Every structure is written in structure tokens, then in C-alpha cells.
Amino acid sequence: MQASELSRAVAAAMSTASSLGLTADDAIVLQDSNKLALRLLPSDVLARVAPVAHQVARFELELARRLAESGCPVAALEPRVEPRAYERDGFVVTLWTYYEPVTPREISPADYADALRRLHAGMRELDVPTPHFTDRVEQAQRLVADRDRTPALAGADRELLGDTLGSLRRVIGERGGAEQLLHGEPHPGNVLTTTNGLLFIDLETCCRGPVEFDLAHAPEEVSEHYPGVDRDVLRACRILVLAMITTWRWDRGDQLPNGRRLGAEWLGQIRAALDRNGLDTHG
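First, a word on scope: everything that follows refers to the structure included in this document. Just so it is clear, the model here is predicted, and its values are computed rather than measured. (Residues numbered from 1 in each chain as written. Predicted model: local features only at pLDDT ≥ 70, side-chain atom pairs only at ≥ 80, totals over all residues. Heavy atoms only, no water.)

1. Comments concerning the sheet that holds strand E5 (residues 91–97)
Spatially, the five strands line up as an open sheet ordered E1-E2-E3-E5-E4, and their pairing is antiparallel. Each edge of the sheet is formed by a strand with only one pairing partner; in this case those strands are strand E1 (24–32) and strand E4 (86–88). The sheet shows a mean angle of 30° between the axes of neighbouring strands, taken without regard to direction. Where E4 and E5 come together, three bridges link them in antiparallel fashion. Its bridge partner lying in E5, Tyr-86 is registered against Val-93. In this fold helix H2 (residues 56–69) packs onto strand E3 (45–51), E4 and E5, with an angle of close to 15° to the strand it touches most, E5. (Pairing = 2+ DSSP bridges. Helix = DSSP H or I, 4+ residues; strand = E, 2+ residues; numbered from the N terminus. Axes fitted to C-alpha atoms, helices over the stretch in contact; angles between N-to-C directions. Contact = heavy atoms within 4.5 Å.)

Put into C-alpha cells, the structure is as follows:
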């Protein structure tokens, strides 16, 4: 979030919580990206704040509620207030249960895979309208093609990303595997290690597609403990996801710290992965 917006966003979260009877004398920033995550004290509630354009917050709340009710490993909403998106001063504020992190330790791949498998099982029971994973790919393709939004992207790199996104999208689609509701970005940054076990957060990226698309966001060892994985589809998904997140880094509006350096580094990883897997993305 832009520095100029940060203080306003924090104030919006604190005043929202206070108006609902939750004492908010202090706010600790836990994460600051396109969305702000705050721990409000002393009420000990987690507030997530985004610009009001993020109307997807309502969808995320409803999905989180239904998944939690079915026993899925997801973070719960704050039980002391009505579960809804609160608008204040140009921001949408949602309130969630704050989980005290357990002693930092490496998440075992088996535990990660089991939690993701249980999340997917619960998601298969839900019938909700969501984008297809290819809609996300199309967003990246449009960004690559827009030189005004990606002015620093060199010609050869632009061609690499465009070809990779287009060809792997087709490859994955042609495999014809089973598709279902997915988390969309179940990477380690969206997994909490709590006394209740592993819990997934940030459900706004939900989409439909093969489970391999979700697994492509997790560490490689996780897929070894997940049943029924199509290894060819997973390899294609891994490179596709890498191309997508690389594309976001070249958006002139990207706010990720060191984003441009990562973008350059990941371009090299894409070339190496395509070569290693014998994939030709031209044509």
C-alpha cells in the first residue's frame, strides 16, 4: 500500500473496530502489500484493509464462512462482530480471528499437502461462481501486451512471457483433467502455523481449475505427498505460475519490495525451466 494511504488505512481499521465495540488503542502492521493486515490491540483482532475497489471482500467473507463451517483448514472470521465488509474513508475493512503464531518451525511437506487436500475436498462441495484460472492468465497476457503499463520490459523478455503464458495455458487446457474450486494462491505466505494446525488465508484469489494449479504455488516437496497428481500438468503449471508472478513484477504500479530485481531473476528461471523440460513456447 502506498505510504500516503497507510496512515488512513490504519485509522479506518481502528475506527471501524472501535465503532463495533472492539477496543483498538494500537495497531501492529503484520503485512503491507496491495492489502494491509493489522493486529488491533488490546482486542486482539486481525483487520484486513484494502481500497474500496476490492469489492471481492464480500465474496471472500462468504467463502471463508462456508469453508470454516464445513471444517476446512481456513482462518475464521472475528466472532464478536457481524461478518461483513465495512466501508470507511475509501477502504474496505474485514475483521478476522487473530492466531498467535506457534514457535517458528519449518512446515512439513506432508502436513502442508494434507491441509491443502482437506481444503480442496471442502471446496469440491461448494457451488459458487468464480473465475477460471485462465482468466488470471489472460490478465497477465494483457499486461505483457500493454507497453504503457510495462515500459521497462525488454522486447525479448516481453516475447518470452507472452509466448509462455499463451502456450502453457493451452497445454494445461488440452490435458482435460478434472477441475474444481481452488484457493488460487496457496503459497507459504498464505498459510498460518497455529495451535489449530495449518490454516489458509487470503481466499480472494479463488478460481476454478486443476488442483495442480494450486500445487504449483506450494514448495515442490508438497506435491510428493498429495494423491493423484498429474506430473506433466504440474510441471506446466509451475512454469505458468512463475510467468504470471514475473509479469506482475514488471507492472509499473507494482509495490512489492525488490519486485523489479525478482522479476529479472525469475525471467532467468523461466528460460531455464523451459529448457530443462524441453518446452518450446513459440507458435
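2. Looking at the packing of aromatic side chains
The final tally for this structure, using the stated rule, is two aromatic pairs. The ring centre of Trp-96 lies 5.7 Å from the NZ or CZ of Arg-48, which sits over that ring. (Phe/Tyr/Trp six-rings, centres within 6.5 Å; stacked < 30°, edge-to-face > 60°. Lys NZ or Arg CZ within 6 Å of the ring centre and 35° of its normal.)

3. Considering a negative patch on the surface
Together, Glu-106, Glu-220, Glu-221 and Glu-224 make up a region of like negative charge exposed at the surface. Structurally, Glu-221 can be placed in the loop between helix H6 (211–215) and helix H7 (231–249). Residue Glu-221 is classed as partly exposed on the basis of its relative accessible area of 41%. (Patch = residues over 30% accessible without salt bridge, like charges linked within 9 Å, V, L, I, M, F, W, Y side chains within 5 Å. Areas by Shrake-Rupley, 256 points an atom, 1.4 Å probe, with all protein chains shown as cover. Salt bridge = Lys/Arg side-chain N within 4 Å of Asp/Glu carboxyl O. Lys, Arg positive; Asp, Glu negative; His and termini not counted. Charge placed at Lys NZ, Arg CZ, Asp CG, Glu CD. Buried < 20%, exposed > 50% of the residue type's maximum accessible area, 1.4 Å probe, protein only.)

4. Some words on helix H4 (residues 133–145)
An ideal rise of 1.5 Å per residue puts 18 Å on 13 residues; H4 measures up with 19 Å between its terminal C-alpha atoms. Of all the residues in H4, the buried ones are Phe-133, Thr-134, Arg-136, Val-137, Ala-140, Leu-143 and Val-144. On its buried face, H4 is in contact with helix H5 (155–175), strand E9 (207–209), H6 and H7. (Expected span 1.5 Å × (residues − 1).)

5. Some thoughts on the packing of H7 against helix H8 (residues 259–276)
Helix packing for two helices is described by the angle between their axes and how far apart those axes are. Here H7 crosses H8 at 155°, and the two axes come no closer than 8 Å. Judged by the inter-axis angle, H7 sits roughly antiparallel to H8. Like other packed secondary-structure pairs, H7 and H8 cross with a definite hand, here left-handed. Here H7 contributes Ile-239, Leu-242, Ala-243, Ile-245, Thr-246 and Arg-249 to the contact with H8, which in turn contributes Gly-259, Arg-260, Gly-263, Trp-266, Leu-267, Gln-269, Ile-270, Ala-273 and Leu-274. When its residues are assigned to classes, the contact of H7 with H8 shows nine nonpolar, four polar and two charged. (Parallel < 35°, antiparallel > 145°, perpendicular 65-115°, else oblique. Left-handed = near helix turned anticlockwise from the far one by under 90°. Nonpolar A, V, L, I, M, F, W, Y, C, P; charged D, E, K, R; others polar.)

6. Quick notes on unusual backbone geometry
Here the amide bond leading from Leu-41 into Pro-42 is cis, since omega sits at 5°, within 30 degrees of zero. Note on placement: Pro-42 falls in strand E2 (residues 36–42). Of note in this structure, Asp-89 is not a glycine but carries a positive phi near 50°. With respect to the helices and strands, the residue Asp-89 is situated in the loop between E4 and E5. Taking relative accessible area as the criterion, Asp-89 reaches 48% and is therefore assigned partly exposed.

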